Amino acid sequence: MSENKNILQDNFGRDHAYLRISLIERCNLRCTYCMPAEGVQLSPKSHLMTYEEVYDIAKSFVKHGVTKIRLTGGEPLIRKDIPVILEKLATLPVELSITSNAIIIDKFIDVLKANGVEKINVSLDSLDKEKFKHITRRDQFEKVYNNILLLVEEGFKVKVNAVLMKDFNDNEIIDFINFTKDLPISVRFIEFMPFDGNKWDMSKMVSYADVMNYVNTSFQKEEIERLQDAPNDTSKNYKIKGYKGSFAIISSVTNPFCDSCNRLRLTANGQLKNCLFSSTESDLLTTLRNGKPIEPIIQKAVQAKFKIRGGMDTLKKLQEPKFHNNNRSMITIGG
């Protein structure tokens, strides 16, 4: 491994400054697009990263250029040592953020603030209580809704992530946009993506074009404002004039943002995934536990990254199960 080579730059010149770390495979919801109905085979506890290992691996990435770390799961807040993990990671020179389903986040307001966490993504796929219960297989809508309001009240920057599915919640697109009228939040519509066990098919997907059709039908052209997207942004951002918040579309399937991708993912059992769609993984945890440097493995994994969607560079390939059934279910990758 060359000393002067940036180990986080791939063969397409993309520098990877954003690491998403999954802390746990378990969750207190059972969302249909994330977890197969029969559940998933969880890694034994001994195979999961300890808080020290999370910190050591994160420190290596930061040393080589990572400036942003997002903690995911499962539900990261159900991990008992989450306060210690936050405290350790907060000592690194990074922007620290978290993705949660917000069911128990009210108990962690002070811990999050104490460790400099300002940005929180909340998963919420329906504003209808019964639909929420159907998709999550749990009756927790009011708790999540009230905690979103609490987070805003407490000064956090909140993004609400909604995975859209045809004939299920696509009729709520305008309701979600109107949710931003009086709240300074960003609602992000995410195209339904293929993972092991989530029964994905193209016909269930609500595309970027579909979302904008709803928007253009419901609002006047002059009311719809296209916002400037941030560098390396995964979303195309908009707002309705006069609304406090905004909305965005993450079109990983129909209009991928691979050219500017700067993300890497670390699973709870210490496997590095160079792309959400990748079916291959690189084992950092075993190497770390054996006392060997993990940098050569990181560099090799980054160099192996495909230009587009883990090699599924056409919609035709994406629709063939053999290309994505070797991937994990979403819950064991990390949201």
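From a predicted model like this one, the values you see are computed outputs, not experimental measurements. (Residues numbered from 1 in each chain as written. Predicted model: local features only at pLDDT ≥ 70, side-chain atom pairs only at ≥ 80, totals over all residues. Heavy atoms only, no water.)

## Re the sheet that holds strand β2 (residues 68–72)
Now for step 1: In spatial order, the strands read β7-β8-β9-β6-β5-β4-β3-β2-β1-β10-β11-β12; together these 12 strands make up an open sheet with mixed pairing. Every interior strand has two partners, whereas the edge strands, β7 (224–226) and β12 (282–283), have only one.
Now for step 2: The pairing of strand β4 (residues 119–123) with strand β5 (residues 157–164) spans five bridges and is classified as parallel. Its bridge partner being in β5, valine 122 is matched across the sheet by valine 160.
Now for step 3: Lying on the sheet, helix α2 (residues 82–89) is in contact with β2 and β3 (95–100); it crosses β2 at an angle near 175°.
Now for step 4: Where helix α7 (residues 208–218) meets the sheet, its contacts fall on β5, β6 (186–191), β7, β8 (236–240) and β9 (246–250), and the angle it forms with β9 comes to roughly 155°. (Pairing = 2+ DSSP bridges. Helix = DSSP H or I, 4+ residues; strand = E, 2+ residues; numbered from the N terminus. Contact = heavy atoms within 4.5 Å. Axes fitted to C-alpha atoms, helices over the stretch in contact; angles between N-to-C directions.)

## Describing the pairing of β9
Now for step 1: For β9, the buried fraction is high: five of the five residues fall into the buried class.
Now for step 2: Burial along β9 is two-sided: Ser246, Ala248 and Ile250 facing one way and Phe247 and Ile249 facing the other are all buried.
Now for step 3: In this structure, β6 lies alongside β9, joined through five bridges in parallel fashion. Note that in β9 the partner of valine 187 across the bridge is phenylalanine 247.
Now for step 4: Pairing between β8 and β9: three bridges, direction antiparallel. Within β9, the position partnered with asparagine 237 by the bridge is alanine 248.
Now for step 5: What sits between the antiparallel neighbours β8 and β9 is a turn of five residues, in which glycine 242 has the positive phi angle 90°. (Buried < 20%, exposed > 50% of the residue type's maximum accessible area, 1.4 Å probe, protein only.)

## Looking at unusual backbone geometry
Now for step 1: In this structure, glycine 74 follows glycine 73 across a cis peptide bond, with omega equal to 25°.
Now for step 2: By the secondary structure assignment, glycine 74 is in the loop between β2 and α2.
Now for step 3: Backbone geometry at alanine 102 places phi at a positive 70°, although glycine is not the residue there.
Now for step 4: Within the fold, alanine 102 resides in the loop between β3 and α3 (109–114).
Now for step 5: What makes alanine 102 buried here is its relative accessible area of 0%.
Now for step 6: Phi at aspartate 167 is positive, roughly 65°, even though this residue is not glycine.
Now for step 7: Position of aspartate 167 among the secondary structure elements: in the loop between β5 and α6 (173–178).

## A word on the nonpolar core
Now for step 1: Grouped together as the largest cluster of nonpolar side chains are 76 residues, with contacts concentrated most on Ile21, Phe61, Ile69, Leu71, Ile177 and Phe189.
Now for step 2: Among residues more than four places away in sequence, those in contact with isoleucine 21 are Met49, Val54, Ala58, Ile69, Arg70, Leu71, Thr72 and Leu266.
Now for step 3: Listed in part, the nine residues of the second largest apolar core include Val163, Phe168, Met205 and Ile250. (Core = buried A, V, L, I, M, F, W, Y, C linked by side-chain atoms within 4.5 Å.)

## Focus: the pattern of salt bridges
Now for step 1: A full pass over the atoms with the stated rule returns 12 salt bridges.
Now for step 2: For glutamate 53, the salt bridge identified is with arginine 289, shortest N-O distance 2.8 Å. Of this pair, glutamate 53 sits in helix α1 (residues 51–63) while arginine 289 sits in helix α8 (residues 284–289), placing them 236 residues apart in sequence.
Now for step 3: Judged by relative accessible area, glutamate 53 falls into the buried class, the value being 12%.
Now for step 4: Note that aspartate 106 and lysine 143 form a salt bridge whose closest N and O atoms lie 3.2 Å from each other. Taken together, the residues span a long stretch of sequence, with aspartate 106 in the loop between β3 and α3 and lysine 143 in helix α5 (residues 141–153) at a distance of 37 residues.
Now for step 5: Residue aspartate 106 is classed as partly exposed on the basis of its relative accessible area of 28%.
Now for step 6: Judged by its relative accessible area of 33%, lysine 143 is partly exposed.
Now for step 7: Taken together, the salt bridges that share partners define one network made up of Lys68, Glu95 and Lys119. (Salt bridge = Lys/Arg side-chain N within 4 Å of Asp/Glu carboxyl O.)

None of the figures reported here should be taken as evidence of function without further support.
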